[in-house]
Amino acid sequence: VEEEEYPATAEGLGEFIRTQGHITASKGLHVTAPASGETSTLMQNLEVKSGERYVSTVRVKLDDPERAADVTLSFRFRTKDGWYSGKDGKQQSIAATTGDWQKLTLATTVPEGATSVSIMLGASDTAATFDDVLVYQIPK
């Protein structure tokens, strides 16, 4: 697989490189966070309505299994004015647990007043490859 490099974070410290995914026909995204303890996060925003339910899955492989807790799949809600600050608006995350390819799954219900959700793939002070990111709306 030919590697493609993407722009670094706003501070110019992180790195996102398109690379081999979890199977030969798949392309993953290798995310490297700066060694300074900062987080590199790839975000995708999705318009949502209060009460809707969603589940997201991603496959991830860690460069350093000792840093599993620092590689996450997260949901964070927004309103038209910025990050959601209601009692149900805290960022929800699930962390990796091993070094080999693993599947992370996270489900959520959209809180009252939220208008979008950011689905975030993050690495803090480490590196990992993410692949097969999926987001599904769960029917009522």
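These figures come from a predicted structure and were not determined experimentally. (Residues numbered from 1 in each chain as written. Predicted model: local features only at pLDDT ≥ 70, side-chain atom pairs only at ≥ 80, totals over all residues. Heavy atoms only, no water.)

Caption draft 1: Structural detail: the confidence of the model for the protein. Across the protein, pLDDT averages 86, with 89% of residues at or above 70. Element-level mean pLDDT values for the protein span from 47 in strand β1 (residues 4–6) up to 96 in strand β5 (residues 53–62). In this model residues 1–10 is a low-confidence stretch, pLDDT under 50, and it forms 25 contacts with partners more than four residues away in sequence or in other chains. (pLDDT = per-residue confidence, 0-100. Helix = DSSP H or I, 4+ residues; strand = E, 2+ residues; numbered from the N terminus. Contact = heavy atoms within 4.5 Å.)

Caption draft 2: Representation of a nonpolar patch on the surface within the structure. A contiguous nonpolar patch, built from Leu46, Val133 and Val135 and spanning about 190 Å² of accessible area, is present on the exposed surface. Following the sequence through the fold, leucine 46 ends up in strand β4 (residues 39–47). A relative accessible area of 30% means that leucine 46 is categorised as partly exposed. (Patch = residues over 30% accessible without salt bridge, like charges linked within 9 Å, V, L, I, M, F, W, Y side chains within 5 Å. Areas by Shrake-Rupley, 256 points an atom, 1.4 Å probe, with all protein chains shown as cover. Salt bridge = Lys/Arg side-chain N within 4 Å of Asp/Glu carboxyl O. Buried < 20%, exposed > 50% of the residue type's maximum accessible area, 1.4 Å probe, protein only.)

Caption draft 3: Structural detail: unusual backbone geometry. Its identity as a non-glycine residue notwithstanding, aspartate 125 has a phi of 60 degrees, on the positive side. Turning to its location among the elements, aspartate 125 is positioned in the loop between β10 (116–124) and β11 (127–138). Residues other than glycine seldom take positive phi values, yet aspartate 132 does so here, at roughly 55 degrees. Mapped onto the secondary structure, aspartate 132 falls in strand β11.

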